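# Descriptive analysis of the structure
The residues making up each chain are set out below.
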Amino acid sequence: MAGASDKARFYLEQYVPELQEYERKQIFTREEIGAIASKRSDFEHILNARGSKPADYARYATYEINLDSLRKKRCKRLGIKGAKGYSGQRTVFFILDRGTKKFPGDMGLWMQYIQFCQKEKANKKLAKVFTSVMRLKPRDWGLWVLAAKWYAEQQGDMTTARSYMQRGLRFCKDKKELWLEYCKLEMVYLAKLAARRKILGLDEERKEQEELQEDDNMISLPAVTAADFEPDASKGVEEVNEGALKRLENAPALTGAIPLAIFDASMNEFKNNPDIAEAFFDLALTFDSVPSTSRVLQHILTRLREIASDSAALVICEARLHLLGVDSTSPSFPAALGKTLGAIKTGQASLPEKSRPALAEKTVTMLLPYLEKQDEMDEDVKTVLVASINRYVRGAAAAHLRLKSKTVKALVEAVSAQGRLSGEEISQIGHDIRTAK
């Protein structure tokens, strides 16, 4: 214990000049400084004694974060410049450094470290933390996604974000979630560029030019250089100027080439698994405002027709294409829903008997979200939705033991007991399942 006390005293002595500065500038009173010193002493003796736990470091770091927040508020209220040369941020970094070195396998400490760096916008430190934790946990695909999203969304640095995703795939190429997250990252980037083009009015300008030149026999090609594919990493999407967007409009990177490459590589990795293709299709379908989405969807459908022409995944994907960009409260929704249900009915008849329950489950899963807006929906449309869900729930009952969706399982049980469910009962079951998660 003597050794532990000596180490604790050594660390506490480092804080003495800082506390003296706080008292001299009257940021804290003498009594408050005594309480701070006492609290730090308790923490240091716990950390340096035998049996310390990761939670002890986490609590110490949280205390210092709160203390630094109080110090900043007081300095602002009193008009005092902070204590020169002393930083609460550095203190927290030091505590979390010690914690992660002593307990390198504790993800709670690493996540607290990462979140604090992000909050403080300490980008250099954050890069070092990411490097350290990924060396220890290269198979944790969520870490690669976390790092890539930070650089893409907060730093506007797609080059570094892609680098993290590609390095992650070297270690986690068998994780479908990472492949999907990489595709999602690229689709989000395309959506931001599309929104920026809309704000600048480039799409309207292009349409006007096409109308003026529709009788012209000349074909103009955009001047695209290699630099256009990777803009300056220091610029976010919001800072890309109008000229760059014009030059890039026909570049492969902005016409869906990267999501397509990710999809093709994943298909090769997962041996043309139709469920993986369906997951990519569902992901792309959520980006209906991206111009290249149609191309991506058609590419996925083409691949599905080649590898699984008699699968439930192909039928449901072809059916869902009719609902692309159609809101459930819009006038065009009834017609689109009719085409979708017609495509499912036709596809079901062509499927092998063993694949029909799977299609029924997928159909119910697809239709359920539309009932969330049933109060704003036309009564006839609601009737069709409820009748279709009841019908396909009964079809899914044939595969009760193999159902993947908890909601569909609950609906099957309810239909088996009651015979038929109302729209309100279906919505309530779905709500209960989501709340339970």
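Quantities reported herein were computed from a predicted structural model and do not represent experimental measurements.

Quick notes on the rules
Residues numbered from 1 in each chain as written. Predicted model: local features only at pLDDT ≥ 70, side-chain atom pairs only at ≥ 80, totals over all residues. Heavy atoms only, no water. Helix = DSSP H or I, 4+ residues; strand = E, 2+ residues; numbered from the N terminus. Contact = heavy atoms within 4.5 Å. pLDDT = per-residue confidence, 0-100. Phe/Tyr/Trp six-rings, centres within 6.5 Å; stacked < 30°, edge-to-face > 60°. Buried < 20%, exposed > 50% of the residue type's maximum accessible area, 1.4 Å probe, protein only. Lys NZ or Arg CZ within 6 Å of the ring centre and 35° of its normal. Salt bridge = Lys/Arg side-chain N within 4 Å of Asp/Glu carboxyl O.

## Quick look at the side chain of K382
As for its position among the elements, K382 is in helix α19 (residues 379–396). Setting aside its immediate chain neighbours within four residues, K382 contacts Q374, M377 and E424.

## Observations concerning the confidence of the model for the protein chain
Looking at the protein chain, pLDDT values average 84 and 85% of them are 70 or higher. Contacts for the low-pLDDT stretch residues 207–239, under 50 throughout, to residues beyond four places or in other chains number 29 contacts.

## Some points on the packing of aromatic side chains
This model, assessed by the stated rule, comprises 15 aromatic pairs. A ring pair is formed by F43 and Y60, whose centres lie 4.8 Å apart and whose planes are at 10 degrees; its orientation type is stacked. One end of the pair, F43, is in helix α3 (residues 30–48); the other, Y60, is in helix α4 (residues 54–78), with 17 residues separating them in the sequence. Of the two residues, F43 and Y60, both sit in the buried class. One aromatic cluster in this structure is built from F130, W144, Y151, Y164 and F171. When the ring centre of Y15 is taken as origin, the NZ or CZ atom of R40, which lies over that ring, is 4.3 Å away. Positioned above the aromatic ring of F93, the side-chain terminus of K125 is 5.5 Å from the ring centre.

## Quick notes on unusual backbone geometry
The phi angle of most residues is negative, glycine excepted, and most peptide bonds adopt the trans form. Positive phi values are uncommon outside glycine, yet Q26 reaches one of about 60 degrees. Secondary-structure assignment places Q26 in the loop between α2 (16–24) and α3. Given the relative accessible area of 62%, Q26 is considered exposed. For K271, which is not glycine, the phi torsion reads 55 degrees and is therefore positive.

## Topic: the side chain of E361
Following the sequence through the fold, E361 ends up in helix α18 (residues 356–367). If near-sequence neighbours (up to four positions away) are discounted, E361 is found in contact with A396, L403, K404, S405 and V408.

## Here's the deal with the pattern of salt bridges
Pairs may arise between side chains of opposite charge once their charged atoms sit close together. Evaluated as defined, the whole model comprises 22 salt bridges. A salt bridge links E120 to K72, with the shortest nitrogen-to-oxygen separation between them at 3.8 Å. Taken together, the residues span a long stretch of sequence, with E120 in helix α6 (residues 107–120) and K72 in helix α4 at a distance of 48 residues. Taking the shortest distance from any N to any O, the salt bridge between D264 and R303 comes out at 3.2 Å. Taken together, the positions of D264 in helix α13 (residues 257–269) and R303 in helix α15 (residues 293–307) put the pair 39 residues apart, joining distant regions of the chain. Given a relative accessible area of 24%, D264 falls into the partly exposed group. Within the structure, one salt-bridge network assembled from shared partners comprises D68, R71, K72 and E120.

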